[in-house]
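# An overview of the molecular structure
Residue strings, one per chain:
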Amino acid sequence: GQPVQNGSSEAVTTNTLTGLDWQRSLSQHLWYLASPLASVPDTLAMYEQAWRLQPYCARPQPKYSEDPEGCLDDGLDSSLDIKYHIIKLYSDRSHSLESTLTPASHTSDPLDFRTSWFIYRILESLGYKMSSVASHDKLCLEFASQLEKLGLWHWAVFVLLHIQDTGMRKQSVERVLGSSVANLDDTNQHREQWILETLRVPVPWLAKAKAVLARVQGNHEELAQQLLKAEDWSEAHKVIVEELAPSAILSQDPQSLLAFLQQLSSEEEIIQQIPGWDTEGKIYLEFLSVGSAVDKVLQNNSDMDPNILRYEFERLKPLVTNLCRSIGNLPVNTSKQRLAQSEIAKQAAHYMRA
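Residues numbered from 1 in each chain as written. Predicted model: local features only at pLDDT ≥ 70, side-chain atom pairs only at ≥ 80, totals over all residues. Heavy atoms only, no water.

## A closer look at the pattern of salt bridges
Pairing between side chains of opposite charge can happen when the charged atoms of each approach one another. Rules: The term salt bridge refers to a pairing of a side-chain nitrogen on Lys or Arg with a carboxyl oxygen on Asp or Glu at a separation within 4 Å. A run of H or I in DSSP counts as a helix once it spans at least four residues, and a run of E counts as a strand once it spans at least two, with each numbered from the N terminus. For each residue, the accessible area found with a 1.4 Å probe, counting protein chains only, is set against the maximum for its type, and the residue is called buried under 20%, exposed over 50%, and partly exposed in between.
For the structure shown, the criterion picks out 14 salt bridges. Here E142 ties to K138 by a salt bridge, and the two come within 2.6 Å at their closest N and O atoms. Here E142 and its partner K138 are both found in helix 6 (residues 133-149), 4 residues apart, which amounts to about one turn of the helix. When its relative accessible area of 24% is taken as the criterion, E142 is described as partly exposed. Residue K138 is classed as partly exposed on the basis of its relative accessible area, which comes to 48%. Sharing partners across several salt bridges, the network here consists of E48, R52 and K88.

## Focus on helix 11 (residues 220-229)
For helix 11, the complete set of buried residues consists of L223, A224, Q226, L227 and L228. A positive backbone phi angle near 60° is found at E231, which sits one or two residues after helix 11.

## Some details on the layout of surface pockets
Quick reminder of the rule: Site definitions follow a grid-based scheme: protein atoms alone, a 1 Å grid, a 1.4 Å probe that fits but cannot get out for cavities, and for pockets an open set with protein on both sides within 12 Å along at least five of seven lines, plus lining residues having an atom within 4 Å of a point. Grid points are joined across faces, edges and corners, and a volume is the space filled by probe spheres set on the points.
Estimated volume of the largest pocket: approximately 350 Å³. Around the largest pocket, the lining is made up of 15 residues, and of these P254, F287, L288, D295 and Y351 lie nearest the centre.

As structure tokens, then:
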């Protein structure tokens, strides 16, 4: 068929596609103007030539900027409708996904990536890929940023987990968790559970964010607990020996301190990652262990055979002696640490007399 008919004079022509939007113009090519044997790619090429080279039909503008009467301007600098891009993808799998998924192809808001991300997830499941990993990750970052600004930070974490670059994925998720962890309280424990169990976010990632919050709040016990969960052994050891250990020794409430130190000493691989373990954490652990053993023997003093009692004390004597030699190695940087060191020395002397 002929879309443009010449009249009796050269000045008079009839364009059968005038006033039609691009979708109807494409349909006219498919039904009437192209050969009955033409494929969709052939028809699409014919339509593209019609609006690009000799414009007599509407260009495929996005809906938000579409002229109801059809636009004959080739508009080479303008974005094309996402529906047109999808048809192009059907015809040519090498067609650019980046141009297909740009927000300008479907919305006037250049920062709205909702449709772009969801359509990309569908296309990706059908085997379509972006030209590079960087483009894939950029789309995830942009949509996650939009969700975070809307207060949907937990869904931003879901989107960020689709990032292919391992380092960028970890860094991006930790950043969102760090800025939003204050929203995790007793009223929305289900959200934390969803993040850990459904999204399978590693526990150390969330613990690292909680550790930052605990440090800001000055909660040293919570800080130590979260650092241990984050597997930051060196920093956990530092908090324990500088803040928790002196307080626990002076308040004579060593149970939580003992649990922290036992966790640090549970594996040789962990100990090797802790600078100063032998002169700090290990001494506190030996003090608590010896104290617990001596107190246990003294408590059973009345029910124990004198020979067995003497054996138990002889068995503990090398441990107490070694503790007395090590006390002087404890670093003393604050008055609380000095008082704790004095208390340990006093207790060690008591054990020696026992």
